[in-house]
Every structure is written in structure tokens, then in C-alpha cells.
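Per-entry structural report
So the chains spell out like this:
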Amino acid sequence: MKNTKKLLVGAVIALGTIALAGCTSNGRSGSSSASNNPKDITVGISMPDKALQRWTSAAADLSKDLKSKGYKVDVQYAASSTSTQSQQVQNMANKGEKYIVIAAQDGTTLGPAVAAAKKNGAKVIAYDRLIMNTPDVDYYATYNLQGVGKLQGESIIKKLGLDKGAKGPFNIELLGGSPTDNNAPQFFKGAMSVLDPYFKSGALVSLSSKGVGDNFQQVAIEWTQQAAQTEMQTRLNSFYNGGKKLDAVLAPNDAQAFGVISALKAAGVDPTKVVITGQDCETQNVPLIVKGEQYMSVYKSDVKLSDTVTSIVYNSTKNKTVKTDSKSNNGKTDVPTIQLTPEAVTKDNVKATLVDSGYITAAKAGLN
């Protein structure tokens, strides 16, 4: 009888152990979620849209880097919709994706989505644009935002010769980026930190007065060619009649620069006579730089930024220290941040910076 009781007790204990093991494997903390083998891990990549080349390029570079480490990837584009991006991020969380890289369409709207990701055990990495007003962002990888604007402002000053004593006054019009992109005011602030002293001295003048005094809200428009073309046509018609000359345009990205050039041509103005800035070195704009229709662009290598994000994911997977260089306050927390250094590109260094690096061929750049 004693032996029989011992056998019965052992059977009950064994059954209990099996039942508990079954419960653990079905929970969020199961063995697969704790794996430090990249082959067991899917990384979600959420991009704002396919309209701008930089987002498709970023997704391609990220996918290539992560796959080279063994990760599976899930790339989604939000079609410029904040609600679509939020739903896509929540779906990634529900599927148990352990890292979610997000280039935000609107960094102020993603709080609930990234909260869901964190609840499901994911790490959230903000790509290029900081996700605001949430404690649920683990890392932020970007370029020096005000540094981008400073490069644009400095290029205008140098091309006009103001740094060498030119008195002007030179007429300039200022454009800003999207009002829903929290990077855009930082770009503008960086540019105005360079340009503002020349406005105050009278060497620079804006006939429309829009944006002067670091008033970003006056010039905030969407990151599109059409938005910039429409805005520039309006300003040309309103302020540059009767032979008044436009000398420079602060365009914060290449799509807007393209729109500015289109507006100038439609108005019979030679864009090579106007200093026009940009950002992203979009392949459709590089030949315009070579021709002199766009003076410069700011290059932010997606390859370098993707390498940085992949390093964050891999070191985190392997429980290694993720080295950051600063913190960015998003209104709720100080997010550990890695900032890369942007580069100014003019026709003088298109070959060295863009062609020799393999970003674009000489033929597509218009160098042949």
C-alpha cells in the first residue's frame, strides 16, 4: 500500500509539472521570447510612406543589415497615415515581434501603440524621428538635427559671400518642414541660428517676412514637392513682381527644393541664379545639384543609420551594453540617443561623397 501511495503522489506531481510547463510556454515569457539567437527573432520596421525615397532606402538598408545578422524582418509602410502606422505597430506587438523600429509619421500620436509593444515585451527604437510624450521608447537613432539646419544656413551664407564681407541686402525666402514632424522645428532652428544675425544686420531680407525671427509655424508645410511649389508660386506672385530679385531659398528637404525649382522655372526665373538648399540627397535631385539648379543638399547616410540601429538590436539581443552618446527628452523621459554627423553636398563633392560611396552611379548623378 505504501508503495502504491508513493506512486500515486509521484504521478500527481508529474502531471502538475507538465501542466505548469504548458502554461509557461504559452505566455509572453516563454522560452522563444527569451532567446538571444537572432534566428528566433522578428524585427518590425515601420516607415511613414513610400513617397519619399529616403524611407524606402532606409527600409531596404535596415532589412539587409538585420537579415545579415540572422533576424527576420517585417516591413510596413503607413501611407502617410498616423492611424495606419499606429495600427501597424500594434499588430507587430500582437505578433510578438521583439524589436520594433519606427520612423514616425507623427511622433505625437504613437503613445498607445508603443505602450502595447512594451506590454508585449518589445523594445522600441525611434528611427530618425523622436517618438514624443511616452516613457515606452528604449532608444533613438538619428542625425544631429540642428546640425542639418546649420549646414543649410552656412551654405547660403558662403554662397552669397556674406562670410567674406558681402553687404547685400540679399532677398531670401524661408520654408519649413511638416508641422507633424518634431524634427522639422529643429532643422529650422539650426538654420536660423546661422541666418538670424544677417537678418538683424540687414544683409538678409525676406520680402514676405515669413519665418523671420525663428517663427517656424509661419512656414511649416508638408514635406512634398507640391506643397513647396504652391507656396513658392504664391510668394513669387505676391512679393517678387516688378523685377525684384530672389537670391536664396531655405528649402529644408529635397522634395521641397524640387518644388521650389519648378515654381521658379514657371515664373521665368533661372534657378541657377538662386541659392536653394535641400536635404536627403534624393536621386532625382542629385543631377539638379550637378547642374547648379539646386545649390546643395544635406546627406544623412541611411547605411550608417541602419548600421547603428542594427548594432542596437544585436547588442541588446546578446545582452551587451548599447553605447549611446546623449539623451533626448520626449516630454516623458530622457531617451538614450545616438546622433550621427550629417554632411553638406554640393556639385564640388558629389563624386567623392555620393558616387564613390556607391550611393548613386556617376551616370545617374549626371556626371557623365
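The structure displayed is predicted, hence computed values, not measured ones. (Residues numbered from 1 in each chain as written. Predicted model: local features only at pLDDT ≥ 70, side-chain atom pairs only at ≥ 80, totals over all residues. Heavy atoms only, no water.)

1. Here we look at the overall build of the chain
What counts, and what does not: Numbering of helices and strands runs from the N terminus; a helix is a DSSP stretch of H or I covering at least four residues, while a strand is a stretch of E covering at least two. Buried residues are those whose accessible area, probed at 1.4 Å on protein chains only, stays under 20% of the maximum for their type, while exposed residues exceed 50% and partly exposed ones sit between those limits. Here a residue-residue contact requires only that any non-hydrogen atoms of the pair lie within 4.5 Å. Values of accessible area rely on a 1.4 Å probe in the Shrake-Rupley scheme; residue burial ignores everything except the protein chains shown.
The helix and strand inventory of the chain stands at 12 helices and 13 strands. The buried share of the chain, taken over its 368 residues, is 50%. Of the contacts made within the chain by residues no fewer than 6 positions apart, 71% connect residues no fewer than 24 positions apart. Summed over all atoms, the accessible surface of the chain reaches about 16700 Å², with 51% contributed by carbon and sulfur.

2. Quick notes on the packing of aromatic side chains
Aromatic rings considered in pairs are described by the distance between their centres and by the relative angle of their planes. Quick note on the threshold: Note on ring pairs: Phe, Tyr and Trp rings are taken, using the six-membered ring of Trp, and paired if centres are within 6.5 Å. Classes follow the plane angle, with under 30 degrees stacked, over 60 edge-to-face and the rest tilted. Criterion for a charge above a ring: Arg CZ or Lys NZ at most 6 Å from the ring centre, at most 35 degrees from the ring normal.
Overall, the coordinates contain three aromatic pairs when judged by the stated rule. Ring centres of Phe 187 and Trp 223 lie 6.2 Å apart, and the angle between their planes is 70 degrees; on these two criteria the pair is classed as edge-to-face. Placement of Phe 187 in helix H6 (residues 184–201) and of Trp 223 in the loop between strand E7 (204–205) and helix H7 (225–239) is noted, with a sequence separation of 36 residues between them. Of the two residues, Phe 187 and Trp 223, neither departs from the other in class, the shared state being buried. A cation sits over an aromatic face here: Arg 54 above Trp 55, 4.3 Å from the ring centre. Over the ring of Tyr 314 we find Lys 69, and its NZ or CZ is 4.6 Å from the ring centre.

3. Remarks on unusual backbone geometry
Note the cis peptide between Gly 168 and Pro 169, where omega equals 0 degrees. Backbone geometry at Asp 214 places phi at a positive 60 degrees, although glycine is not the residue there. The residue Asp 214 is located in the loop between E7 and H7 in this model. Judged by relative accessible area, which is 33%, Asp 214 ranks as partly exposed. Located in the positive-phi region is Cys 281, a residue other than glycine, with phi close to 50 degrees. Locating Cys 281 in the fold gives a position in the loop between strand E9 (275–276) and helix H9 (286–291).

4. Quick notes on the sheet that holds strand E6 (residues 170–174)
Using the following cut-off: The pairing criterion for strands is at least two bridges between them, as found by DSSP. Here the axes come from fitting lines to C-alpha atoms, over the contacting stretch only for helices, and the angles between their N-to-C directions go from 0 to 180 degrees.
Spatially, E7-E6-E8-E9 is the arrangement adopted by the four strands of the open sheet, whose pairing is parallel. Each edge of the open sheet is held by one strand with a lone partner, namely E7 and E9. As judged from the three bridges shared by E6 and strand E8 (residues 248–250), these two strands associate in the parallel manner. Counted as the bridge partner of Glu 173 is Val 249 from E8. Along the sheet, helix H5 (residues 145–160) contacts E6, E7, E8 and E9; its crossing angle with E8, the most-contacted strand, is approximately 175 degrees.

5. Comments concerning the sheet that holds strand E12 (residues 334–340)
Spatially, E2-E1-E3-E4-E5-E12-E11 is the arrangement adopted by the seven strands of the open sheet, whose pairing is mixed. Edge positions in the sheet fall to strand E2 (72–77) and strand E11 (326–329), since each has one partner strand and no second. Across the sheet, the mean angle from the axis of one strand to that of its neighbour is 25 degrees, orientation sign disregarded. Pairing of strand E5 (residues 139–143) with E12 involves four bridges; the strand directions are parallel. The residue of E12 that forms the bridge with Thr 142 is Gln 339.

6. Thoughts on the nonpolar core
Note the threshold: The definition of a nonpolar core used throughout is a set of buried Ala, Val, Leu, Ile, Met, Phe, Trp, Tyr and Cys residues joined through side-chain atoms within 4.5 Å. Bear in mind that the domain bounds are from an automatic or database domain assignment.
If you look at the biggest cluster of nonpolar residues, it comprises 75 residues, and the most contacted ones within it are Met 47, Tyr 127, Ile 131, Leu 195 and Leu 204. Ranked by residues supplied to this core, first place goes to H6 with eight residues. Mapping this core onto the domain boundaries places at least three of its residues in each of domain 1 (39–137 + 302–340) and domain 2 (145–300 + 345–365). Look past the residues within four positions of Leu 204 in its chain and what remains in contact with it is Ile 157, Leu 160, Leu 162, Phe 170, Ile 172, Leu 195, Tyr 198 and Phe 199. If you look at the next biggest cluster of nonpolar residues, it comprises 17 residues, including Leu 246, Ile 261, Ile 276 and Leu 288.

7. Digging into the confidence of the model for the chain
How we decide: One number per residue, pLDDT, summarises how confident the predictor is, and it ranges from 0 to 100.
With 91% of its residues at a pLDDT of 70 or more, the chain has an overall mean of 91. Considering only residues more than four positions removed or in separate chains, one finds that residues 1–33, a stretch of pLDDT under 50, has six contacts.

8. Some remarks on the environment of Leu 207
Note that Leu 207 resides in the loop between E7 and H7. The exposure class assigned to Leu 207 is partly exposed, which follows from its relative accessible area of 30%. With residues near it in sequence (within four places) discarded, Leu 207 still touches Asn 171, Glu 173, Phe 239, Tyr 240 and Lys 244.

9. A word on the environment of Thr 82
With respect to the helices, strands and loops of the structure, Thr 82 is situated in helix H3 (residues 82–94). Apart from the residues within four sequence positions on either side, Thr 82 is in contact with Gln 105, Asp 106 and Thr 109.

10. What to know about the packing of H7 against helix H8 (residues 254–266)
The criterion, for reference: Angle categories: roughly parallel below 35 degrees, roughly antiparallel above 145, roughly perpendicular from 65 to 115, and oblique for all the rest. Crossings are classed by handedness, with left-handed meaning an anticlockwise turn of the near helix from the far one by less than a right angle and right-handed meaning a clockwise turn. For this scheme, ten residues count as nonpolar: Ala, Val, Leu, Ile, Met, Phe, Trp, Tyr, Cys and Pro. Four count as charged, namely Asp, Glu, Lys and Arg, and the remainder, Gly too, count as polar.
Contact geometry of H7 with H8 gives a least axis separation of 7 Å together with a crossing angle of 40 degrees. Of the possible angle classes, the one that applies to H7 and H8 is oblique. Seen along the crossing, H7 lies across H8 with a hand that is right-handed. Listed contacts from H8 to Gln 225, Ala 228, Gln 229, Met 232, Gln 233 and Leu 236 of H7 are Ala 255, Gln 256, Phe 258, Gly 259, Val 260, Ser 262, Ala 263, Leu 264 and Ala 266. Of the residues assigned to the contact of H7 with H8, the class counts are nine nonpolar, six polar and no charged.

11. Topic: the pairing of E11
With four bridges joining them, E11 and E12 adopt antiparallel strand pairing. Opposite Ser 328, over in E12, you have Val 335 as the bridge partner. Hairpin connection, E11 to E12: the antiparallel pair is bridged by four residues, and Gly 331 has positive phi, about 100 degrees.

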